[in-house]
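Descriptive structure summary
Okay, here's what each chain looks like letter by letter:
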Amino acid sequence: MKELLAQRVLTNDTSDLDEIFKNSANPANISFAGGFPDQHLFPAAELQQAYRDAIETTGPSLFQYASTQGLPALRQKLADRMRSHASVDVTADDILLTQGGQQAIDLVAKLLLNHGDAMVVEGPTYMGALAAFDTYEPTYYEVPVDNHGMDIKVLRQTLKAHPEIKLIYTVPDFHNPTGTTLSAKRRQAMVALANQYNVIILEDSPYRDLRYSGQALPAIKHYDTEGRVIFISSFSKILSPALRTGWLVASPTLMTQLIGLKSAIDVQSPNITLAAINTYLDQHDIDQHIATINQAYREKRDAMLSALDRYFPKNVTYTRPNGGFFIWVTLPTGIDAQQLLTDVVLPQAHVAYVPAACQFASRQVKNAFRLNFTSLDPVTITRGIQQLGQLLQTQVTPKPTATWTPAIQL
Ligand SMILES: Cc1ncc(COP(=O)(O)O)c(C=O)c1O
């Protein structure tokens, strides 16, 4: 029956990735592959109480259909938070509640991308975003990331050479997968370029509040002068991913269209969950909760970095993120991280990571991989990195250090 499937499904082959996650779920392996929060840090009892109280307080009407845009009281809290935590001045009307950040990405892709339309993604980028964009069959232009986020010089050249580009997708805070953060100067420059070349920026920032060192920066949307930045964030990493609740901030014209699109997909997000989150925020100081999880994640990050310093070969480089979930490791050129994983790392070191290729739109860069440090405890992290490092010592012959600077993919 394959002949009946749409082309976009056929070109979207995720079998490699499915295999990696299947292997990493094996309890015999230490998996740094998933991008999971630590489940011991979920405020489960508080959320349980919040669900109960929300249902009791509102009564039967909570089980009724509700607005597509989502619970006004929760949108108001998020508007206040955008002002205090991201220096973005918005009202509740500028916010759409979505089923996770993932739905927000899909909505923006649906809003903007016709088949073949041109867009910019970081190289590497969040593979879930690529999966969402792929179904709209865009033409990708890949702009490399360095220690200060997306390379603005390459972005400028790319926009100049391809004025048909409509959209820039970026993860500016503790980037998935490299952990790097876009500097304030580059944020301003990106908005200026978007204005100059008539482009929309999709700022995807689910890790923004998970900072373990350094100073917070304003969102890219803070610099937005023409309503061309769409901001996305989520409760997945700061409360729980099972809530499937994220939010999108957009200017009024775009918002009307986005609400229409969401209505056509799922009518509304589950109102009971939105009410429970709203009640949780009334009953608890979420910043205190975030401070607690940040302390735990800081220790895990530090455990992973110390183990990398201690056990990894000197010709393997890695990022040192100030927050978020991930560290990006670069192997010497010529080494295929995917093949290494399947042939030696899983069977001999019993460790899993996410190889580079599926995190690039071009699929061209192979000598790197992503490590997650949030889901395991520091002792297991250290043991896993030791096992991996000792194996890499035998696999990686000393050569000059490689960097990941992919060519732009056309
Ligand atoms: C950069 C980025 N955006 C969006 C998401 C989607 O998250 P959710 O749909 O759970 O909010 C993730 C999840 O890992 C992510 O890393």
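The model shown is predicted, which means the values in this text are computed figures rather than measured ones. (Residues numbered from 1 in each chain as written. Predicted model: local features only at pLDDT ≥ 70, side-chain atom pairs only at ≥ 80, totals over all residues. Heavy atoms only, no water.)

Topic: the overall build of the protein
When you go through the protein residue by residue, the secondary structure sums to 13 helices and 14 strands. In terms of overall dimensions, the protein is globule-like: its C-alpha atoms have a radius of gyration of 21 Å, near the 22 Å expected for 410 residues. Looking at the protein as a whole, 57% of its 410 residues qualify as buried. Taken as a whole, the protein presents about 17,300 Å² of accessible surface, with 53% of it coming from carbon and sulfur. (Helix = DSSP H or I, 4+ residues; strand = E, 2+ residues; numbered from the N terminus. Rg over C-alpha atoms; globule rule 2.2 N^0.38 Å. Buried < 20%, exposed > 50% of the residue type's maximum accessible area, 1.4 Å probe, protein only. Areas by Shrake-Rupley, 256 points an atom, 1.4 Å probe, with all protein chains shown as cover.)

Points about the site of the ligand
Among the 14 residues in the neighbourhood of the ligand, the closest are listed as Gly101, Asp204, Tyr207, Ser234 and Ser236. Between the ligand and asparagine 176 there is a distance of 2.9 Å, counted from an oxygen atom to a side-chain nitrogen or oxygen. Contacts to the ligand include serine 236, whose side-chain N or O atom sits 2.6 Å from an oxygen atom. Protein chains shield 92% of the accessible area of the ligand, which is 400 Å² for the free molecule. Sort the elements by how many residues they give to the shell around the ligand and helix H5 (residues 100-112) lands first, with 4 residues. Its residues assigned to classes, the shell around the ligand comprises 5 nonpolar, 6 polar and 3 charged. (Near = heavy atom within 4 Å. Polar contact = N/O pair within 3.5 Å; in protein donor to acceptor, adjacent residues only side chain to side chain. Nonpolar A, V, L, I, M, F, W, Y, C, P; charged D, E, K, R; others polar.)

So, the pattern of salt bridges
For the structure shown, the criterion picks out 16 salt bridges. The shortest N-O distance in the salt bridge between aspartate 80 and arginine 83 comes to 3.6 Å. Here aspartate 80 pairs with arginine 83, and both are found in helix H4 (residues 72-86), just 3 residues apart, close to one helical turn. Of the residues examined, arginine 83 reaches a relative accessible area of 38% and is grouped as partly exposed. The partner of arginine 81 in a salt bridge is aspartate 209, with the nearest N and O atoms 3.1 Å apart. Note that arginine 81 is positioned in helix H4 and aspartate 209 in the loop between strand S7 (200-204) and strand S8 (229-234), a separation of 128 residues in sequence. According to the relative accessible area criterion, arginine 81 is buried, its value standing at 14%. (Salt bridge = Lys/Arg side-chain N within 4 Å of Asp/Glu carboxyl O.)

So, the sheet that holds strand S14 (residues 368-372)
Ordered by their spatial adjacency, 4 strands build an open sheet running S10-S11-S14-S13, and the pairing between neighbours is antiparallel. Both edges of this open sheet fall to strand S10 (317-318) and strand S13 (354-355), since each of them pairs with a single strand only. (Pairing = 2+ DSSP bridges.)

Let's talk about helix H8 (residues 184-197)
Three or four residues apart is the spacing at which side chains of an α-helix point the same way, because the helix has 3.6 residues per turn. Helix length check: H8, at 14 residues, gives a terminal C-alpha distance of 20 Å against a target of 20 Å (1.5 Å per residue), a fit within 8%. Where the residues of H8 are buried, they touch strand S4 (139-146), strand S5 (149-150), helix H7 (152-161), strand S6 (165-170), S7 and S8. (Expected span 1.5 Å × (residues − 1). Contact = heavy atoms within 4.5 Å.)

Re the packing of H7 against H8
As a packed pair, H7 and H8 sit with axes 11 Å apart at the nearest point and diverge in direction by 5°. Relative to H8, the element H7 is oriented roughly parallel. Judged by residue contacts, Ile152, Leu155, Arg156, Leu159 and Lys160 of H7 engage Arg186, Ala189, Met190, Leu193 and Tyr197 from H8. The residue makeup of the contact of H7 with H8, split by class, is 7 nonpolar, no polar and 3 charged. (Axes fitted to C-alpha atoms, helices over the stretch in contact; angles between N-to-C directions. Parallel < 35°, antiparallel > 145°, perpendicular 65-115°, else oblique.)

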